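This is what each chain is made of:
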Amino acid sequence: MPVLPQMKKTGRWDIFCTVVDNFGDIGVTWRLARQLVAEHGLAVRLWVDDLRAFERMCPEIDIHTPQQWQQGVEVRHWAADWQPVEAADVVIAAFACQLPHAYMEAMVEREKTPLWMNLDYLSAEDWVIGCHGLPSVKYKHVQKFFFFPGFQKGTGGLLRESGLLERRRQFQQNPAAQRAFLQALGIDRAPDAQLISLFAYENAGLASWLDALASDSTPTHLLVPEGRILGDVERWFGVSGLAAGARHVRNALTMQVLPFARQDQYDRLLWCCDFNAVRGEDSFVRAQWAGRPFLWHIYQQEEDIHLDKLEAFLALYVNGLSEPAREAISGLWRAWNAGERMSDYWQSTRKHWPELQKHAETWCLEQGSQPDLAAALVQFYVNWL
Ligand code: TRH
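Right, let's walk through the structure included here. Model, not experiment: these values are computed from the prediction. (Residues numbered from 1 in each chain as written. Predicted model: local features only at pLDDT ≥ 70, side-chain atom pairs only at ≥ 80, totals over all residues. Heavy atoms only, no water.)

Points about the site of the ligand
Line of reasoning, step 1. Looking at the ligand, there are 22 residues lining it, with Asp21, Tyr201, Ala261, Asp282 and Ser283 nearest.
Line of reasoning, step 2. One of the side-chain nitrogen or oxygen atoms of Tyr201 is found 2.5 Å away from an oxygen atom of the ligand.
Line of reasoning, step 3. Protein burial of the ligand: of its 710 Å² of free accessible surface, 97% is covered by the chains.
Line of reasoning, step 4. Taken together, the elements giving at least two residues each to the shell around the ligand come down to α1 (24–40), α9 (263–272) and α10 (282–289).
Line of reasoning, step 5. Here the shell around the ligand is built from residues that sort into 10 nonpolar, 6 polar and 6 charged. (Near = heavy atom within 4 Å. Polar contact = N/O pair within 3.5 Å; in protein donor to acceptor, adjacent residues only side chain to side chain. Areas by Shrake-Rupley, 256 points an atom, 1.4 Å probe, with all protein chains shown as cover. Helix = DSSP H or I, 4+ residues; strand = E, 2+ residues; numbered from the N terminus. Nonpolar A, V, L, I, M, F, W, Y, C, P; charged D, E, K, R; others polar.)

Structural notes on a nonpolar patch on the surface
Line of reasoning, step 1. Taken together, Val20, Tyr121 and Tyr299 make up a surface patch of nonpolar side chains, about 290 Å² in accessible area.
Line of reasoning, step 2. Following the sequence through the fold, Val20 ends up in the loop between β1 (12–17) and α1. (Patch = residues over 30% accessible without salt bridge, like charges linked within 9 Å, V, L, I, M, F, W, Y side chains within 5 Å. Salt bridge = Lys/Arg side-chain N within 4 Å of Asp/Glu carboxyl O.)

Overview of helix α13 (residues 343–351)
What sets the pattern is the α-helix's 3.6 residues per turn: residues three or four places apart point alike.
Line of reasoning, step 1. The set of residues buried in α13 consists of Ser343, Trp346 and Thr349. Angularly, the buried residues of α13 cover 120° about the axis, an arc narrow enough to put them on a single face. Among the exposed residues of α13, those pointing more than 90 degrees away from its buried face are Asp344 and Lys351.
Line of reasoning, step 2. Of the surrounding elements, those touching the buried residues of α13 are β9 (194–198), α7 (206–214), β13 (275–279), α12 (323–338) and α14 (353–368). (Buried < 20%, exposed > 50% of the residue type's maximum accessible area, 1.4 Å probe, protein only. Arc of directions from axis to C-beta. Contact = heavy atoms within 4.5 Å.)

Let's talk about the packing of aromatic side chains
Line of reasoning, step 1. Within this structure, the stated rule accounts for 42 aromatic pairs.
Line of reasoning, step 2. Measuring from centroid to centroid gives 6.0 Å for Trp209 and Phe275, while their planes differ by 80°, and the two rings are edge-to-face. Note that Trp209 is positioned in helix α7 and Phe275 in strand β13, a separation of 66 residues in sequence.
Line of reasoning, step 3. Look at Trp209 and you get buried, because its relative accessible area is 0%.
Line of reasoning, step 4. Here the aromatic rings of Tyr381 and Trp384 are separated by 6.1 Å at their centres, their planes lie at 25°, and the arrangement is stacked. Here Tyr381 pairs with Trp384, and both are found in helix α15 (residues 373–384), just 3 residues apart, close to one helical turn.
Line of reasoning, step 5. Each member of the aromatic cluster is reached from another via a ring pair, and the members are Phe151, Phe284, Phe294, Trp296, Phe313, Tyr317, Trp333 and Trp363.
Line of reasoning, step 6. One residue, Arg268, lies across the ring of Phe171, its end atom 4.7 Å from the ring centre.
Line of reasoning, step 7. Above the face of the Trp353 ring, Arg350 is positioned so that its terminal group lies 4.6 Å from the ring centre. (Phe/Tyr/Trp six-rings, centres within 6.5 Å; stacked < 30°, edge-to-face > 60°. Lys NZ or Arg CZ within 6 Å of the ring centre and 35° of its normal.)

A short note on the packing of helix α6 (residues 175–184) against α9
Line of reasoning, step 1. Taken N-terminus to C-terminus, the directions of α6 and α9 make an angle of 130°; their axes are 11 Å apart at the nearest point. Looking at the two axes, α6 sits oblique to α9. Between α6 and α9 the crossing geometry is left-handed. Mapping the contact onto sequence places Gln178, Phe181 and Leu182 in α6 and Gln265, Arg268, Leu269 and Cys272 in α9.
Line of reasoning, step 2. Its residues assigned to classes, the contact of α6 with α9 shows 4 nonpolar, 2 polar and 1 charged. (Axes fitted to C-alpha atoms, helices over the stretch in contact; angles between N-to-C directions. Parallel < 35°, antiparallel > 145°, perpendicular 65-115°, else oblique. Left-handed = near helix turned anticlockwise from the far one by under 90°.)

Here is the structure:
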């Protein structure tokens, strides 16, 4: 995406992020902010209401500092008592967060009206294509637009940094680099073990999956970053107080708890693993860029509307797979998201492993051939100017 001369170093963007819960809101906006700076030469302020969640994935964050620069991004604490600032050229409200009233007034007062966008949640549902880029509400004369990420042409695409897939490929082809990376995280891969990462919400289906892994003929080294699934892991091992560094073995299964890693380290961890269980939105996308088979624990929503999103994604993702492989992986995903027994689906998934591995790479390359989300946002601005 060429950077227009008049935009270079002059475009000022504000991204607003409220941390609703978990890490996805800050995870997505932090990536986007960095990419806009690094690849498009823009001046970006990232307004975040909860710096503690941010600090978990970016330990350089000083939670007591209201204004700081991190990797070229101006990070601002979005405090409850808002102090007036000038509005930027482009204003992104992430995930329908409500901008401070005084800031909306500042947008109105600007001589040149800013472009105001809502960066929505990711969904593979068809209606997204029809709604992407449409005008939303107005505040006085300032028009807001919908910007939808997505998997298909006609959506805003997915966050993907320039050269990401090439870096991933080189790393995956370099066992020594992977070993060094894992060792730095305190991981000594169990001999001949397949490596699986597990990042998920609480899940009643975990026990039956762990049963299957423990009794498998292939050993598994399971890496579990500290988080919500640990309670289920504890119950299965019959232990309590699991924390980073803990390691337990039962039959063919070695389980290790990892500290919550820096975001870029987490990405690399996914690249190292043979299979990744991910959740929410951002790790879900990163697992796809890893080019390896994966399992998605979708964020639960009221009235089970998340299940429509799950089915919409599956319908796209399984395209090109043989019928039995399709059934195996869809069954596994559905069982996981219903908290049901996983063992039979895991066994049938294992039967189609080579096909699923090839497919994960094909899907990744297909998605990677589309414009990335940051470039699409910049293009949207250029078209709007
Ligand atoms: O944390 P999440 O469950 O976030 C969710 C979703 O975004 C959901 O859609 C949203 O509605 C809800 O939050 C409020 O899962 P997600 O999206 O994968 O975000 C996790 C982030 O944490 C991601 O950027 C990767 C990062 N991460 C690390 O930096 N280090 C780690 O060790 C791990 C496990 C994750």
